[in-house]
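# Close look at the chain arrangement
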Amino acid sequence: MRAVRFDAFGQPPYLAEAPVPEPGHGSVVIKVGATGLCRSDWHGWQGHDPDIVTMPHTPGHEFAGTVHAVGEGVERVRVGQRVVVPFVCGCGDCGVCRTGSAHVCPHQWQPGFSGPGSFAEYVAVPAADFNVVELPAEVSFDVAAGLGCRFATAYRGIVDVGALRPGDTVAVFGCGGVGLAAVMVAGSRGAHVIAVDVSPGALELAREVGAAVTINSAEVDPVKAIRADFPDGVNVSVDALGSVTTAGAAVRSLRVHGRHVQIGLLPPVSIGDRATVPMHVVIARELHVLGSHGMPAVDYPDLLSDIATGRLDPGRFLARTITLEETPAALAAMGGPGAPAGITVIRP
């Protein structure tokens, strides 16, 4: 099969011939129909997760396709089935997985990081009965691959972690892939959505997918702007970017007993003597600060149902499709200026 590989962190990726993987006990091999190109793939190539990547390495963690082969012990998944796979796979045996939280399994396996990923014609997935999700006929491979670690993460952060209710006011800080998805999901749930970003283009997209109000934080103080319209603050805030500035502003925009959902990744330590989250505000207003990371396979059916019925249209974020031959250059380009907006899908 053809697969994109790199032999060392930061070294040029290339297209190579590789053996088709064989399914081990409990695992399946999926023929990749489409796979998303994500900045997390670029981070992996740059060596930002050096402890879990073995060389030579094939990246790719957002994908959908058709089951090609099934290993011994697999009972639910069958050859020929159209499927999608979360970007974090659980072991299926531990207590965390048994409670339905496979996305934070302490023994998790991540395609394209823990092992060979989906920038290839075929990819193997362990614990298949636990991690593989059947794809409705109404959802294309391109759309399913675009869910990946952006849309699915935003969906769970808004619906499950943030416990959004119709009529809630929601402020989304950062309108990149995750933030725009959060805007669309919140709008589809009957929320009044405020989108905050420094890019006029991103704010225009936010308006198109459901934001009732947009704020350019390069021009005004977003907290003051939010409280000008909502003096008591908002019900839910989301930091979809991940910075001390956005996390702090998002928390300060909340009303008493408000809920903050942190999706954007933050530095592992405080910067200087500033806490990432203004805890004096958390205490004074009795706020709820919630972390959200990915989505387990068990929760995918609700998301897929919302897409199949037209409640959500993540296809609006698909920008272009490329081939495996074009993938090495596209991956390398993610580190520079002028990267294309929207989701790039690779069709092997």
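Everything below is about the structure shown above.
## Quick notes on the pairing of strand E12 (residues 254–262)
Looking along a regular strand, one sees side chains alternate from face to face of the sheet. Note: strand E11 (residues 234–239) against E12, five bridges, orientation parallel. Bridge pairing in E12 places Asp239 opposite Gln262. Each parallel crossover has a hand, and for E11 linked through helix H8 (residues 244–252) to E12 it is right-handed. Sheet analysis places E12 next to strand E13 (residues 288–291), joined by four bridges and oriented parallel. Within the sheet, the bridge partner assigned to Val261 lies in E13 and is Leu290.

## Some remarks on the environment of Pro111
The residue Pro111 is located in the loop between helix H2 (95–98) and strand E6 (122–125) in this model. Measuring from C-alpha to C-alpha, the distance between Pro111 and Phe87 comes to 6.5 Å, with 24 residues separating the pair along the chain. Apart from the residues within four sequence positions on either side, Pro111 is in contact with Gly60, His61, Phe63, Pro86, Phe87, Cys89, Pro116 and Gly117.

## Looking at the packing of aromatic side chains
Inspection of the entire model under this criterion finds two aromatic pairs. Judged by centre distance (6.5 Å) and plane angle (45°), the rings of Phe6 and Phe9 are tilted. Using a relative accessible area of 1% as the deciding quantity, one classes Phe6 as buried. A centroid spacing of 6.2 Å and a plane angle of 45° characterise the contact between Phe151 and Phe317, whose relative ring orientation is tilted. Note that Phe151 is positioned in helix H4 (residues 141–161) and Phe317 in the loop between helix H10 (300–308) and strand E14 (318–322), a separation of 166 residues in sequence. When sorted by exposure, Phe151 lands in the same class as Phe317, which is buried. The lysine or arginine in question, Arg82, covers the ring of Phe141, its NZ or CZ lying 4.6 Å from the ring centre.

## Side note on the sheet that holds E13
What the six strands build is an open sheet, ordered E10-E9-E8-E11-E12-E13; its pairing is parallel. With partners counted over all chains shown, the strands left at the sheet margins are strand E10 (213–216) and E13, one partner each. Each strand of the sheet is rotated relative to its neighbour by a mean of 20°, with strand direction disregarded. By the bridge criterion, four bridges tie strand E8 (residues 169–173) to E11 in an arrangement that is parallel.

Analysis parameters
- Residues numbered from 1 in each chain as written.
- Predicted model: local features only at pLDDT ≥ 70, side-chain atom pairs only at ≥ 80, totals over all residues.
- Heavy atoms only, no water.
- Pairing = 2+ DSSP bridges.
- Helix = DSSP H or I, 4+ residues; strand = E, 2+ residues; numbered from the N terminus.
- Right-handed = clockwise from strand over helix to strand, strands pointing away.
- Contact = heavy atoms within 4.5 Å.
- Phe/Tyr/Trp six-rings, centres within 6.5 Å; stacked < 30°, edge-to-face > 60°.
- Buried < 20%, exposed > 50% of the residue type's maximum accessible area, 1.4 Å probe, protein only.
- Lys NZ or Arg CZ within 6 Å of the ring centre and 35° of its normal.
- Axes fitted to C-alpha atoms, helices over the stretch in contact; angles between N-to-C directions.

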